[in-house]
Each structure stands twice: as structure tokens, then as C-alpha cells.
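Below, each chain spelled out in residue letters.
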Amino acid sequence: MVPVISGFDYQRVPVADGVHLNVAVGGSGSPVVLLHGFPQTHLMWRHVAADLAAGHTVICPDLRGYGASDKPAETGPAVYAKRTMAADIVALARALGHERFALAGHDRGALVAFRAGLDHPQAITHLACLDVLPTLDMWEAMHGVGAAVGFHLYLMSQPPGLPERMIAGAADAFFGHFLDIWAGDPGAIPAEVRAAYLEASRGAVDSIVADYRASAGIDVVHDQADRDAGHRLGMPVAVLQQDWGAALGFDAAALWGAWAADLRHSTVGWGHFMAEEAPAGVAGALRDLLSR
């Protein structure tokens, strides 16, 4: 049996031509959408979602290309552009009856959330991004031997063919590597959830690579255009991050501050998979954001 978020209802919702997202919905009240990271699925939010559902309608989808959501072929760079994936989320919320909603994302989901905040400011009331830099800043921060920690970014940015074959040849070892080295508390991801993450990722190699490839191409173009135009996030923004800047030599709060007028940036010691390792802390930070 694939694990689920207890007490949540599951459905598949059409969000674009030929693309349905798998989504878990629970609770009642003002809507909050939670977007997962890599190499995970919506299950990473299971503790936080159950906590927030006491006062909110909580919506946890698998992103396009991940989990049980549809995985369209990468026929061009726009298919897995964060702009496209953000439009999926706005369409999903609208299909569930919500024109405006709060949005939180972790890792890859945070990049989708960031793009949604820039492209759809009328829809996003509050924005939270967990343990990531905006794509443009991320590439600028990666340099020297310190960039070795992000080897997967460079591997999956290569043209179609080789990275997919290499990863598919040792999928469990590849995806499991990140679950192991990024977890401050390995016990926070129990065996059945880890197995679900590996199974989902193993079945989505091509689309996961396409998502990362977009972040080395079209996503950079979109971010640069917004930077050049002086576009900023106008809604209240919360960012929770490990202290990657200390290791790689950047000021994360300053980088985020250039994008967000109303920012609360927090450096935390919870490990990368913070929604699973410190769910009470993450839920508390999201409640603080929603009160602003």
C-alpha cells in the first residue's frame, strides 16, 4: 500500500491539456497549498498538513512530473518551466474553488511557488519558500569546489539522453543518496515513506530530469527578465533555510531581500527535509506567515 496523508481526500484534477495532478485535500478554512521537493512527493507534508488542517483547507499536490501526477513528454523547454508548473497550481486551486490562496513550497516546490508569486500575484496571498534560493541566484552562488554539493544540478542540466540513462541505471542509489545525505534526522523519513519516494522517483526519471533541465535554461531566462524589470514579490514572504551561505559564501537573506518587499528570513538547523524533521517548527512558521 502506498502511504497517504491520513484523513485527507484524494483526487486527480485536470490543470492543463492532458495534465492531471494527484492531490490530497483536507481540513477547512482559508486555503493553503503545499508543494513538495526532490526527491519526494506530497507525502513530505503529511505532518504539517495534518497540523494546519485544524484551521485551513490544506491542498497537497504532486507536482507535474512527480509522484502520481501526469508526466508529459519534454517536447520543448516550456513543458517543465516553473512558469508552466506554477500555472498548474493556480489552475488546481481554482478548480477546487479558490481564486486566492497561501502557497508554501520546499526545494523544487519552492521554485514553483516563487514563480507563482511573480506570475500570479493576484492569486497568492502569502508565500513561503523552504531551503532554496531563487534559480538565478542559485546558479550565481554555485562556484568552485563548494559547488560539488550540487553535482546533480549540473548532471541533469545536460541535453536529453545521457543524464536520463545514467540515473535510470542506478535510480534507487541516485535518489536514495539525497535522502541520506540531506537528512539531519534519517529517522524522520520512515522506511515505508522512503520506499514510496524511491518508487515514485524511479518511475519519473525523465520528467524529473526535465524539471531540473528547465532550471538551467528557461527558468533562468524568466528570472533574469523579472530582475531586469525590477519585479518583486508583493505579498508577505517567509523563507526558512539552512546556513548554506556559510559554506558557499553568499548572504541568503540579502539575496532573498532583493526579491521580496515584505520578507522574514530565518536560518534554521533542522536539516533539509525540515517539514519531516521539524514539522511543528515549520507549521508554526507558516502560521506566523499567515497572520501577517
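A few points on the structure. (Residues numbered from 1 in each chain as written. Predicted model: local features only at pLDDT ≥ 70, side-chain atom pairs only at ≥ 80, totals over all residues. Heavy atoms only, no water.)

**Some details on the overall build of the protein chain**
Heads up, the condition is: Numbering of helices and strands runs from the N terminus; a helix is a DSSP stretch of H or I covering at least four residues, while a strand is a stretch of E covering at least two. The atom set for the radius of gyration is the C-alpha atoms, and the globule formula is 2.2 Å times the number of residues raised to the power 0.38. Only heavy atoms enter the contact rule, under which two residues are in contact if any of them lie within 4.5 Å. Methods summary: accessible areas were calculated by the Shrake-Rupley approach with a probe of 1.4 Å, and residue burial reflects only the protein chains presented. Counting rule applied: Lys, Arg positive; Asp, Glu negative; His and chain ends not counted. The atom standing in for a charge is NZ when the residue is Lys, CZ when it is Arg, CG when it is Asp and CD when it is Glu.
If you tally the helices and strands in the protein chain, you get 14 helices and eight strands. At 17 Å, the protein chain has a C-alpha radius of gyration in line with the 19 Å of a compact globule built from 292 residues. With the principal axes as the frame, the protein chain shows a C-alpha extent of 45 × 45 × 40 Å. Nonlocal contacts in the protein chain, meaning residues at least 24 apart in sequence, comprise 76% of its contacts between residues at least 6 apart. Accessible surface, the protein chain: about 11,100 Å² in total, of which carbon and sulfur atoms supply 57%. Taking the average location of the 19 positive side-chain charges in the protein chain and that of its 31 negative ones, the two points are 3 Å from each other.

**Remarks on the packing of aromatic side chains**
Here is the rule: Under the pairing criterion, centres of Phe, Tyr and Trp rings, with the six-membered ring standing for Trp, must be within 6.5 Å; the plane angle then separates stacked pairs below 30 degrees from edge-to-face pairs above 60, leaving the rest tilted. Exposure classes here rest on a 1.4 Å probe applied to the protein chains alone. A residue is buried below 20% of its type maximum, exposed above 50%, and partly exposed in between. Counted as over-ring charges are cases with an Arg CZ or a Lys NZ within 6 Å of the ring centre that also lie within 35 degrees of the ring normal.
Counted by the stated rule, this structure contains 13 aromatic pairs. Centroid distance Phe38 to Trp182: 6.1 Å. Interplanar angle 65°. Geometry classified as edge-to-face. Here Phe38 is found in the loop between β3 (30-35) and α1 (46-52), whereas its partner Trp182 is found in the loop between α7 (171-181) and α8 (191-202), with 144 residues between them in sequence. Accessibility classification places Phe38 together with Trp182 in one group, the buried group. Taken together, a centroid distance of 5.8 Å and an interplanar angle of 85° make the contact between Phe114 and Trp256 edge-to-face. With Phe114 in helix α3 (residues 108-119) and Trp256 in helix α12 (residues 252-257), this residue pair connects regions lying 142 residues apart in the sequence. Looking at Trp256, the relative accessible area reads 0%, which means it is buried. Between Arg108 and the ring centre of Tyr212, over which it is positioned, the NZ or CZ distance is 3.7 Å.

**Describing the side chain of Gln241**
Stated precisely, the cut-off is as follows: Pairs of N or O atoms are called polar contacts if they sit within 3.5 Å, as long as, within protein, a hydrogen donor faces a hydrogen acceptor (for residues adjacent in sequence, only side-chain-to-side-chain pairs).
With respect to the element layout, Gln241 can be found in strand β7 (residues 237-241). Relative accessible area serves as the criterion here: at 2%, Gln241 is assigned to the buried category. A distance of 2.7 Å separates a polar atom in the side chain of Gln241 from a polar atom in the side chain of His265. If we skip the residues at most four places from it in the chain, Gln241 touches Asp131, Val132, Leu133, Ala252, Trp256, His265, Ser266, Thr267 and Val268.

**Concerning the state of the cysteines**
Threshold: Criterion for a disulfide: a pair of cysteine sulfur atoms within 2.5 Å.
A complete count under the given rule lists zero disulfides for this structure. With no disulfide of its own, Cys60 lies closest to Cys129 among cysteine sulfurs, the gap being 16 Å. What makes Cys129 buried here is its relative accessible area of 0%.

**Notes on the pairing of β7**
To keep it simple, the criterion reads: A pair of strands is treated as paired once DSSP finds two or more bridges between them.
By the criterion of burial, β7 is predominantly enclosed, with five of the five residues buried. Inspection of the sheet shows strand β6 (residues 124-130) paired to β7 by four bridges, in the parallel sense. Across the sheet, Leu127 pairs through a bridge with Val237, a residue of β7. Bridge count between β7 and strand β8 (residues 263-267): five bridges; the pairing is parallel. Bridge pairing in β8 links Ala238 to Arg264.

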